[in-house]
Amino acid sequence: MIKILFVCLGNICRSPMAEFILKDLAKKEGLAGQFHIESAGTSYEGGPVYPPARRKLAEHGIGCDGKRSRQLIRADYEKFDLLIGMEQSNLRSMRRILGDDPAGKLHLLLDYTDQPGDIDDPWYTNDFDTAWREVERGCRALLSQLKSRLS
Ligand code: 4NP
């Protein structure tokens with residue numbers, strides 16, 4: 001089983017979208033049992049998925065009931081195989097919380113695609129369509145790479 005933790009700032013927009021998109025993609029490919037997928041934030045918001053992000057998931061038939069944001073903690077480094085941030089500033093905060101990355105577990109989601117870069121924070125841009133497209137593109141690319149690891 002591969003354990004994946006998606007990380008953003010608040011854990012109410014981008015990383016929950018990534019969590020539930022990847023769970024959905026894996027399920028559709030019959031691979032749900034191969035992965036353990038969660039999400040966390042580098043700051044603590046302590047609430048449910050933000051309504052515009054929840055609506056984007058719902059538009060695609062994906063639910064996120066019961067998800068409450070939680071903060072990234074140092075113990076997550078041992079617990080997960082991959083800890084995947086959405087933008088450079090997430091990676092900086094992740095290193096601050098987690099310390100060194102001797103096992104090379106820290107990555108950016110779009111680095112799995114052929115167009116690496118940051119996924120801008122829709123909390124500030126209010127552009128949930130772009131965030132959705134980029135998160136989904138990243139998750140598809142990630143899943144295709146992970147599938148080659150499983151075989
Ligand atoms: P996220 O977006 O990191 O994609 O969950 C944010 C949500 C809330 C805040 C910042 C970013 N906030 O400052 O409350």
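The coordinates are above.
Residues numbered from 1 in each chain as written. Predicted model: local features only at pLDDT ≥ 70, side-chain atom pairs only at ≥ 80, totals over all residues. Heavy atoms only, no water.

Engineer: Can you help me understand the overall build of the chain in this one?
Structural biologist: Assigned secondary structure in the chain consists of six helices and four strands. Going from N to C terminus, the chain has its helices and strands arranged as β-α-β-α-α-β-α-β-α-α. Compactness check: the chain gives a C-alpha radius of gyration of 14 Å against a globular reference of 15 Å for 151 residues, within 12% of the reference. Each of the 151 residues in the chain was classed as buried or not, and the buried ones make up 52%. Considering only intrachain contacts with a sequence separation of at least 6, the fraction spanning at least 24 residues in the chain is 75%. Approximately 7400 Å² of the chain is accessible, and the part contributed by carbon and sulfur atoms is 46%. (Helix = DSSP H or I, 4+ residues; strand = E, 2+ residues; numbered from the N terminus. Rg over C-alpha atoms; globule rule 2.2 N^0.38 Å. Buried < 20%, exposed > 50% of the residue type's maximum accessible area, 1.4 Å probe, protein only. Contact = heavy atoms within 4.5 Å. Areas by Shrake-Rupley, 256 points an atom, 1.4 Å probe, with all protein chains shown as cover.)

Engineer: Please explain the sheet that holds strand β1 (residues 2-8) as it appears in this structure.
Structural biologist: Pairing between the strands of a sheet comes from backbone hydrogen bonds, and it takes one of two forms, parallel or antiparallel. With respect to topology, four strands assemble into an open sheet ordered β2-β1-β3-β4, the strand pairing being parallel. Because the sheet does not close on itself, it has two edges, and the strands there are β2 (35-41) and β4 (106-108). Going across the sheet, the axis of each strand differs from the next one's by a mean of 25°, ignoring polarity. Strand direction decides the pairing type here: β1 and β2, joined by seven bridges, are parallel. (Pairing = 2+ DSSP bridges. Axes fitted to C-alpha atoms, helices over the stretch in contact; angles between N-to-C directions.)

Engineer: It is not clear to me how the site of the ligand should be interpreted in this structure. Could you clarify?
Structural biologist: Taken together, C8, L9, G10, N11, I12, C13, R14, E45, D121, W123 and Y124 are the residues near the ligand. Between the ligand and C13, the relevant distance is 2.9 Å, taken from an oxygen atom to a main-chain nitrogen or oxygen of the residue. Within the contact set of the ligand, a nitrogen atom lies 3.4 Å away from a side-chain nitrogen or oxygen of W123. Within the complex, 90% of the 350 Å² of free accessible area of the ligand lies under protein. (Near = heavy atom within 4 Å. Polar contact = N/O pair within 3.5 Å; in protein donor to acceptor, adjacent residues only side chain to side chain.)

Engineer: What is the right way to look at the side chain of K105 in this model?
Structural biologist: Position of K105 among the secondary structure elements: in the loop between α4 (88-98) and β4. We note that K105 is buried and unpaired, the nearest opposite charge coming from E78 at a distance of 4.7 Å. Within the local environment of K105, its side chain forms a polar contact with the backbone oxygen of F80, the two atoms lying 2.9 Å apart. In contact with K105, not counting residues within four places along its chain, are Y77, E78, F80, D81, L82 and L83. (Lys, Arg positive; Asp, Glu negative; His and termini not counted. Salt bridge = Lys/Arg side-chain N within 4 Å of Asp/Glu carboxyl O.)

Engineer: Even after reading the chapter, I still don't get the pairing of β1, so can you show me in this structure?
Structural biologist: Residues in a regular strand project their side chains so that they alternate between the two faces of the sheet. Most of β1 is tucked away: six of the seven residues are buried. Where the polypeptide runs from β1 across helix α1 (residues 14-28) and back to β2, its parallel neighbour, the crossover connection is right-handed. Sheet topology places β1 next to strand β3 (residues 82-85); four bridges connect them, and they run parallel. Residue pairing for β3: L5 is matched across the bridge by L83. (Right-handed = clockwise from strand over helix to strand, strands pointing away.)

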